Amino acid sequence: MAEKFLNYIGGRWVPARSGKVFPNFNPATGESIGEFPDSEAADVSDAATAARAAYQGWRLTPAPKRAEILYRLGQLIADRKEELARGATREMGKILLETRGDVQEGIDMAYLAAGEGRRLYGVTTPSEMPNKWAMSVRVPIGVVGVITAWNFPFAVPTWKIFPALVSGNTVVFKPSEESPETGYRLVRLLEEAGLPPGVINLVFGDGPRCGAPLTQHPEVDVISFTGSNAVGSAIAVEGARLGKRVSLEMGGKNAILVMDDASLPLAATAVAWSAFGTTGQRCTACSRVIVHERVYDEMVKRTAERARQIRVGNGLDEATEMGPIVNRRQLEKVHGYVGVGAAEGARVEAGGAVLTEGALGKGSFYAPTVLSGVGPSMRVAQEEIFGPVVSFIRATSLEEAIEINNRTRYGLSSSIFVGDVGRAFQAMRDLDTGIVYVNHGTTGAETHLPFGGTRGTGNGHREAGHTMLDAFTEWKSIYVDFSGRLQRAQIDNN
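It should be emphasised that the depicted structure is a prediction, and the values quoted were computed from it without experimental measurement.

(A) How the structure looks around the overall build of the protein chain. Of regular secondary structure, the protein chain possesses 14 helices and 24 strands. Relative to its length of 494 residues, the protein chain is compact, with a C-alpha radius of gyration of 24 Å against a globular reference of 23 Å. For the protein chain, the spread of C-alpha atoms along the principal axes amounts to about 80 × 65 × 40 Å. Relative to its full complement of 494 residues, the protein chain shows a buried share of 56%. Here the analysis covers contacts within the protein chain between residues at least 6 apart in sequence; of these, 75% occur between residues at least 24 apart. With the model as given, the accessible surface of the protein chain reaches about 19,500 Å², and the carbon-plus-sulfur share is 53%. Distance from the positive charge centre (52 side chains) to the negative charge centre (55 side chains) of the protein chain: 3 Å.

(B) Spotlight on helix H6 (residues 180–193). Counted at 1.5 Å a residue, the expected span for H6 with its 14 residues is 20 Å, and the 20 Å between its end C-alpha atoms agrees. With 10 of 14 residues buried, H6 is to be regarded as a mostly interior element. Turning to H6, its buried residues are Pro-180, Glu-181, Thr-182, Gly-183, Tyr-184, Leu-186, Val-187, Leu-189, Leu-190 and Ala-193. Downstream of H6 by a residue or two, Gly-194 has a phi angle that is positive, lying close to 110 degrees.

(C) Region of interest: the pairing of strand E7 (residues 132–140). Side chains Lys-132, Ala-134, Ser-136, Arg-138 and Pro-140 of E7 all project onto a buried face; the interleaved residues Trp-133, Met-135, Val-137 and Val-139 project onto a face where none is buried. The pairing of strand E6 (residues 123–126) with E7 spans four bridges and is antiparallel. Looking at E7, one finds that Pro-126 is bridged to Trp-133. The hairpin turn running from E6 into E7, its antiparallel successor, is five residues long, and Asn-131 in that turn takes a positive phi close to 55 degrees. Looking at chain direction, E7 and strand E24 (residues 473–481) are connected through nine bridges and run antiparallel. Across the sheet, the residue bridging to Ser-136 is Ser-477, located in E24.

(D) How the structure looks around the sheet that holds strand E13 (residues 254–258). Spatial ordering of the open sheet is given by E15-E18-E19-E14-E13-E21-E22, a layout of seven strands whose pairing is mixed. Since the sheet does not close on itself, it has two edges, and those belong to strand E15 (347–350) and strand E22 (435–438), each with one partner. Averaged over all pairs of adjacent strands, the angle between their axes in this sheet comes to 25 degrees, without regard to strand direction.

(E) Broad picture of helix H11 (residues 328–344). With 17 residues, H11 extends 25 Å from end C-alpha to end C-alpha; this agrees with the ideal 24 Å at 1.5 Å per step. Those residues of H11 lying buried are Gln-330, Leu-331, Val-334, Tyr-337, Val-338 and Gly-341. Buried residues in H11, looked at end-on, bunch into an arc of 120 degrees, giving them a common side. Turned more than 90 degrees away from the buried face of H11, the exposed residues are Arg-329, Glu-332 and Ala-343.

Rules of the game
- Residues numbered from 1 in each chain as written.
- Predicted model: local features only at pLDDT ≥ 70, side-chain atom pairs only at ≥ 80, totals over all residues.
- Heavy atoms only, no water.
- Helix = DSSP H or I, 4+ residues; strand = E, 2+ residues; numbered from the N terminus.
- Rg over C-alpha atoms; globule rule 2.2 N^0.38 Å.
- Buried < 20%, exposed > 50% of the residue type's maximum accessible area, 1.4 Å probe, protein only.
- Contact = heavy atoms within 4.5 Å.
- Areas by Shrake-Rupley, 256 points an atom, 1.4 Å probe, with all protein chains shown as cover.
- Lys, Arg positive; Asp, Glu negative; His and termini not counted.
- Charge placed at Lys NZ, Arg CZ, Asp CG, Glu CD.
- Expected span 1.5 Å × (residues − 1).
- Pairing = 2+ DSSP bridges.
- Axes fitted to C-alpha atoms, helices over the stretch in contact; angles between N-to-C directions.
- Arc of directions from axis to C-beta.

So, in structure tokens, the structure goes:
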């Protein structure tokens, strides 16, 4: 019998006011995992009101004390890493090797954010006037609405929730309806770690009836969103209209550049991991390979051979190398893009088919797919497919490869395989993405470095790293005049 889950509002576990629920399914088997509250505006309002009520007490809790809860949380997550990883694999499909990494990012983020409890540094500076003190400090903003995608159901919420909490904000969290159980497990652990009632609130539901009311609610001051460009752009418009701070992390069309002096075995291995890891369902996935014409055919051959060898199956099987696509709708979208590519003149070198043999027929499985003969302007080279499909594009020089890389609406991650250090530095300088790798794939971000992209990938904010607090804090400048007289700064200082 499927487990029944509840929202978490003001420290209480409650159903949706309407009593409605929605199901969650295992994409590898089609089996039901659980039923979750189908929340609407009234539930969101309850959660936002609870978060606002808890804000003053949490804001005035000393930051090192707020951090102690995150330290406890980090240990709780570590203690249950395997359980959390298996739950994430069961509901969104990627292999255990990857969900263990997903959970590990949450552990790392808990300790990294907790450290900021004693490092919420401001700036002191000399005043231009005598007997006057000048400084600036970070302060929390208020209630933060967190909306996350399904593909990294544990790590991505922690990038947002933990910095928001240690800064002194309260949170309303809406996880994706495709991976709600992992969000539930995270909030359960926050409760167990000792977070006061109302500081974290959890509402399940879809975008139109739950996510949109969260972005519009007058008690919500900040929206932090990870998801599609279409939804993120709509949130940006709504946030501007309502005067909210908005932090967006959206799509990617990431490329690996392979030059003629690169190690081709290493490059092919990296392309396969970057393109087919997480079944291509990550914003940093490699979906384009821009290859120097001298080694183009060899790179296509090596990658296609590797794609055909990948073992596809249930992510809970340790031998599986690639799991299912998250649902049937996305499976059809991915397959449709392969057809679009073929119609535009691309050649299918490997894959290009829905997998239905045996147990695979119960889930949403697609063969790792390699397309060659792709032009830089083709739809498969410009639009985010979000599946295990990689397109090979020919280039005559490093300069042309960089120009092709930069000629998309996205700018999250890029990579170059090259032997010449001078050309490596040229690429590091000229690749217009928020993340650049040299002799590595396009994935594998570390939590202590900023994460985010340029152009259509985001709106300028970065997550994690030393920038983690920026979206969730305001700067307050403070002046203390102990001169005993009215000093009028620039008027008197001339």
